[in-house]
Amino acid sequence: MIDKLNQIITEKSEKIMANQKVEGMVNNLGGVLCFAGAVVFGIMFIVCGASLMKTGKNYVVKPSAEEKKEAEASSEPAHEEEAAATEQSAE
């Protein structure tokens, strides 16, 4: 059954593709699609490249605001201890 169906489909497609007009249309359609894809790729390459050049510095991981506050909070007691030790050594 599958072989019969496959044979029928093959015969029909050969008849259709043997037609010069259909073959030309399919080739032209393929060429147009390839050209359109190349144009879109070129535009996206330029746009994305410019975007990366403009915002490339943002791809370095920066600490969030919460992490900065935690770091400052943990470093403040250390500064107070250093200041107290400096004052004691100065006396």
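Everything quoted here is computed from the prediction, not taken from an experiment.

Asks: What is the right way to read the overall build of the protein chain from this model?
Replies: Summing up its helical and strand segments, the protein chain has three helices and zero strands in all. Listed N to C, the secondary structure of the protein chain is α-α-α in terms of helices and strands. Of all 91 residues assigned to the protein chain, the portion counted as buried reaches 0%.

Asks: How should helix α2 (residues 20-55) be read in this particular structure?
Replies: For an α-helix, 3.6 residues make a turn, and residues three or four places apart therefore share a direction. For α2, which comprises 36 residues, the first-to-last C-alpha distance of 52 Å matches the rise-based estimate of 52 Å (1.5 Å per residue) to within 8%. Sitting at the head of α2, N19 places a side-chain oxygen 3.1 Å from the backbone nitrogen of K21.

Asks: Hey, could you run me through a nonpolar patch on the surface in this one?
Replies: Nonpolar side chains collect at one region of the surface, where F35, V39, V40, I43, M44 and V47 lie side by side and expose about 560 Å² of accessible area between them. For V47, a relative accessible area of 46% gives the class partly exposed.

Asks: Even after reading the chapter, I still don't get helix α1 (residues 2-18), so can you show me in this structure?
Replies: Along its 17 residues, α1 runs 24 Å from first to last C-alpha, staying within 8% of the 24 Å computed at 1.5 Å per residue. Of all 17 residues in α1, zero are buried; the element is thus mostly exposed.

Reading the values: rules and limits
Residues numbered from 1 in each chain as written. Predicted model: local features only at pLDDT ≥ 70, side-chain atom pairs only at ≥ 80, totals over all residues. Heavy atoms only, no water. Helix = DSSP H or I, 4+ residues; strand = E, 2+ residues; numbered from the N terminus. Buried < 20%, exposed > 50% of the residue type's maximum accessible area, 1.4 Å probe, protein only. Expected span 1.5 Å × (residues − 1). Polar contact = N/O pair within 3.5 Å; in protein donor to acceptor, adjacent residues only side chain to side chain. Patch = residues over 30% accessible without salt bridge, like charges linked within 9 Å, V, L, I, M, F, W, Y side chains within 5 Å. Areas by Shrake-Rupley, 256 points an atom, 1.4 Å probe, with all protein chains shown as cover. Salt bridge = Lys/Arg side-chain N within 4 Å of Asp/Glu carboxyl O.

Geometric descriptors of this kind do not, in isolation, establish any biological role.
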